[in-house]
Amino acid sequence: MSLWLLNHFSTTTLAVVTVGGTVLLAVTGSVLLRRRYPSLIQGEHNDMVGVTLGMFGAIYGIILAFVIVTLWTQLESTQTIVASEATDMALIARDAAAFPPDVRARLDTALSAYVHGIVEDQWPQMREGKPSYGATATRFQAVFEVLQAYEPKTAREEVFYEEAVGHLNDVAAQRRARLTMAEQELPPLLQALAFGGALVLIPLTFLYGMRKLRIQILFVGSVAALIGFSLLLVFVLDRPFAGELSVSPAPYREGALAQYWTTE
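Model, not experiment: these values are computed from the prediction.

1. Focus on the packing of helix α7 (residues 188–206) against helix α8 (residues 213–237)
- Two numbers describe how α7 lies on α8: the axes approach to 10 Å, and their chain directions differ by 175 degrees. Between α7 and α8, the angle is such that the two are roughly antiparallel. Contacts from A194, F195, A198, L201, I202, T205 and F206 in α7 reach Q216, F219, V220, V223, A224, I227, L231 and V234 in α8.

2. Describing the packing of aromatic side chains
- Throughout the structure, instances matching the rule amount to nine aromatic pairs.
- Measuring from ring centre to ring centre gives 5.3 Å for F140 and F144, while their planes differ by 90 degrees; the resulting arrangement is edge-to-face. With F140 and F144 both in helix α5 (residues 137–149) and four residues apart, the pair spans about one turn of that helix. Exposure class is identical for F140 and F144. Each is buried.
- Chaining the aromatic ring pairs together yields one cluster made of F99, Y150 and Y161.
- Against the face of W261 rests R253, its NZ or CZ located 3.9 Å from the ring centre.

3. Some remarks on the side chain of R239
- Within the fold, R239 resides in the segment after α8.
- Here the side chain of R239 touches E185 through a polar contact of 3.2 Å, side chain to side chain.
- Apart from the residues within four sequence positions on either side, R239 is in contact with L3, L6, G129, A182, E183, Q184 and E185.

Calculation rules
Residues numbered from 1 in each chain as written. Predicted model: local features only at pLDDT ≥ 70, side-chain atom pairs only at ≥ 80, totals over all residues. Heavy atoms only, no water. Axes fitted to C-alpha atoms, helices over the stretch in contact; angles between N-to-C directions. Helix = DSSP H or I, 4+ residues; strand = E, 2+ residues; numbered from the N terminus. Parallel < 35°, antiparallel > 145°, perpendicular 65-115°, else oblique. Contact = heavy atoms within 4.5 Å. Phe/Tyr/Trp six-rings, centres within 6.5 Å; stacked < 30°, edge-to-face > 60°. Buried < 20%, exposed > 50% of the residue type's maximum accessible area, 1.4 Å probe, protein only. Lys NZ or Arg CZ within 6 Å of the ring centre and 35° of its normal. Polar contact = N/O pair within 3.5 Å; in protein donor to acceptor, adjacent residues only side chain to side chain.

Shown next, in the form of structure tokens:
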């Protein structure tokens, strides 16, 4: 469900629904409770509620901060993996310039097929959270086979051949890491703490009595808006390949790899 929402609605729409909905529910609940129990206006229990709010707010704030930092770090790590994989493939394409024309042509063909497979076949699967190793396995193996079948004839070719093989091994490791990151999501326990904590903290603000309704609405609405925005960050950062803030496949179309897209 979360992947569908991320892939079919803009971040702005999700922000309006999440933050606006949280504020609306919180303000409505506060007003209804105020009318149901008019004695809350006197603030007789404000001291106890204030201490409880402070304690719960501190614990919940630490949890949310930990979750958001973790997810942001995960997103940055995924971007680094994608950029590194694309860079290593670009270096292989450059190293191929030292090989005989027929070998270079076969390697370019294999690299082009693999790059297109990543962007056109595998990327949509990663956006859905269901990456398939087999989607590009044959094309990736074809790159290996080109290098395995080639025997360097000169010292110069030997140097570039070793460099190309080294970069290809790095691509293999980064490919696996990229597909693994596409399956990652926040553990259920942290999801429960992040979203369940809001269900505890926001209703507590209803119990903090204030004589003026406007002041109470401002207080409850501000807390709800902050929590709603924090939950929005958790929601959009949880899946690194889904939504508007997702990792882009642009590195596979840039630099030395741009030549494989010129015919489009």
